[in-house]
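Next come the chains, spelled out residue by residue.
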Amino acid sequence: MTSRSDRTRAILLDAALAAFARRGVRATTLEHVAASAAFTRGAVYWHFPDKTALVKAVFEDMVWPFDIGGELAVYRQSDQPLLLLREVLWLKLLDCLRDVRQRRRMEVVLRYRGTPELPEELGVRLEILSLRALDHLTAVLNIAYERGELRRGLTPIDVAHCLVAACMGVVAEHMEDPQARLERSFHLAPLLVLQGASALEPEEA
């Protein structure tokens, strides 16, 4: 595609994402997207043969905000894997919400995940992203578990689920107020969960 064509496609994707966040996916038509982007309907069809293709393209670069990645070596080498996990998770969350496109994608996901509003194919992809992120969190927490650093009676998967729930709640809260200061609450959410799960004294966790 030419640079002009690339720019047109990017504008259409942004318009579609904004419309999905405002109207919902099912209620948004290609005509809505064309009007919002100030293009003809033909321009939309030139880039996207149908709405399914448009939805797929909008969420193609979706990044799950709680996915810290699968690299475990750095956590194994750390004297404080829980502290490192907290910092990495915090930065991942902030990066996601400071990116306008990722933020809007999460807004749509939080509002409509698990409902018929999202196409089945997208729902499956979101579930895969979510489970992969949970696996990565659990793998890191298992390092702390093996060292006896998790509170007795807790398992890595228990703590991973609590981390996701706490952070998802903070994400949802800030979707309502894009100007809210993210730093404090985003730092506190994983901190409080990990301190509660840690078998170490708070200053060591």
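As the structure is a prediction and not an experimental result, all values here were calculated from the model. (Residues numbered from 1 in each chain as written. Predicted model: local features only at pLDDT ≥ 70, side-chain atom pairs only at ≥ 80, totals over all residues. Heavy atoms only, no water.)

Participant: What is the right way to read the overall build of the protein from this model?
Facilitator: Helices and strands together make up the secondary structure of the protein, namely 10 helices and zero strands. Counting from the amino terminus, the protein carries its helices and strands in the arrangement α-α-α-α-α-α-α-α-α-α. Taking all 205 residues of the protein together, the buried fraction comes to 44%. Of the contacts formed within the protein by residues at least 6 apart in sequence, a portion of 72% connects residues at least 24 apart. For the protein, the centre of its 26 positive side-chain charges and the centre of its 28 negative side-chain charges are spaced 7 Å apart. (Helix = DSSP H or I, 4+ residues; strand = E, 2+ residues; numbered from the N terminus. Buried < 20%, exposed > 50% of the residue type's maximum accessible area, 1.4 Å probe, protein only. Contact = heavy atoms within 4.5 Å. Lys, Arg positive; Asp, Glu negative; His and termini not counted. Charge placed at Lys NZ, Arg CZ, Asp CG, Glu CD.)

Participant: I would appreciate a short explanation of the confidence of the model for the protein in the present structure.
Facilitator: Interpretation of the predicted coordinates at a detailed level should be avoided for regions scoring low in pLDDT. Of all residues in the protein, 91% attain a pLDDT of 70 or more, and the chain-wide mean is 87. Taking the mean pLDDT of every element in the protein, the minimum, 76, falls on helix α10 (residues 183-197) and the maximum, 96, on helix α5 (residues 73-77). (pLDDT = per-residue confidence, 0-100.)

Participant: Whenever I open this one, the packing of helix α1 (residues 3-23) against helix α2 (residues 30-37) confuses me. Can you help?
Facilitator: In helix packing, the relevant descriptors are the interaxial angle and the interaxial distance, both defined with respect to the helix axes. Close contact between α1 and α2 brings their axes to 9 Å; oriented N to C, the two are set at 115°. Our pair here, α1 against α2, has a crossing hand that is right-handed. Within the contact between the two elements, α1 uses Ile 11, Leu 12, Ala 15, Ala 16, Arg 22 and Arg 23 and α2 uses His 32, Val 33, Ser 36 and Ala 37. Residue composition of the contact of α1 with α2, grouped by class: six nonpolar, two polar and two charged. (Axes fitted to C-alpha atoms, helices over the stretch in contact; angles between N-to-C directions. Left-handed = near helix turned anticlockwise from the far one by under 90°. Nonpolar A, V, L, I, M, F, W, Y, C, P; charged D, E, K, R; others polar.)

Participant: What is the right way to read unusual backbone geometry from this model?
Facilitator: Residues other than glycine predominantly adopt negative phi, and peptide bonds predominantly adopt the trans conformation. Phi at Ala 38 takes a positive value of approximately 65°, unusual for a residue other than glycine. Here Ala 38 is to be found in the loop between α2 and α3 (41-47). The exposed category is assigned to Ala 38, whose relative accessible area is 66%.

Participant: Which parts of the structure should I look at to understand helix α7 (residues 100-112)?
Facilitator: One full turn of an α-helix is made of 3.6 residues, so residues set three or four places apart face in the same direction. Counted at 1.5 Å a residue, the expected span for α7 with its 13 residues is 18 Å, and the 18 Å between its end C-alpha atoms agrees. Within α7, the full set of buried residues consists of Gln 102, Arg 103, Arg 105, Met 106, Glu 107, Val 108, Val 109 and Tyr 112. Where α7 is buried, its residues touch α1, α4 (51-58), α6 (81-98), α8 (120-146) and α9 (156-175). Among the residues trailing α7, Gly 114 stands out with phi positive, at a value near 85°. (Expected span 1.5 Å × (residues − 1).)

Participant: Where do I start with the pattern of salt bridges in this structure?
Facilitator: Side-chain pairing between opposite charges can occur once the charged atoms of the two side chains come close. Within the structure shown, the criterion is met by seven salt bridges. Asp 14 is paired through a salt bridge with Arg 101; the nearest N and O atoms lie 2.8 Å apart. Placement of the pair is Asp 14 in helix α1 and Arg 101 in helix α7, with a sequence separation of 87 residues. Glu 127 serves as the salt-bridge partner of Arg 113, at 3.1 Å between the closest nitrogen and oxygen. Taken as a pair, Arg 113 in the loop between α7 and α8 and Glu 127 in helix α8 lie far apart in primary sequence, 14 residues in all. Owing to a relative accessible area of 31%, Arg 113 belongs among the partly exposed residues under this scheme. When its relative accessible area of 37% is taken as the criterion, Glu 127 is described as partly exposed. (Salt bridge = Lys/Arg side-chain N within 4 Å of Asp/Glu carboxyl O.)

Participant: Would you explain the state of the cysteines in this entry?
Facilitator: Each disulfide consists of a covalent bond between the sulfur atoms of two cysteine residues. Summed over all chains, the structure comprises zero disulfides. Left unpaired, Cys 96 is separated from the closest cysteine sulfur, that of Cys 167, by 12 Å. According to the relative accessible area criterion, Cys 96 is buried, its value standing at 5%. Using a relative accessible area of 0% as the deciding quantity, one classes Cys 167 as buried. (Disulfide = S-S within 2.5 Å.)

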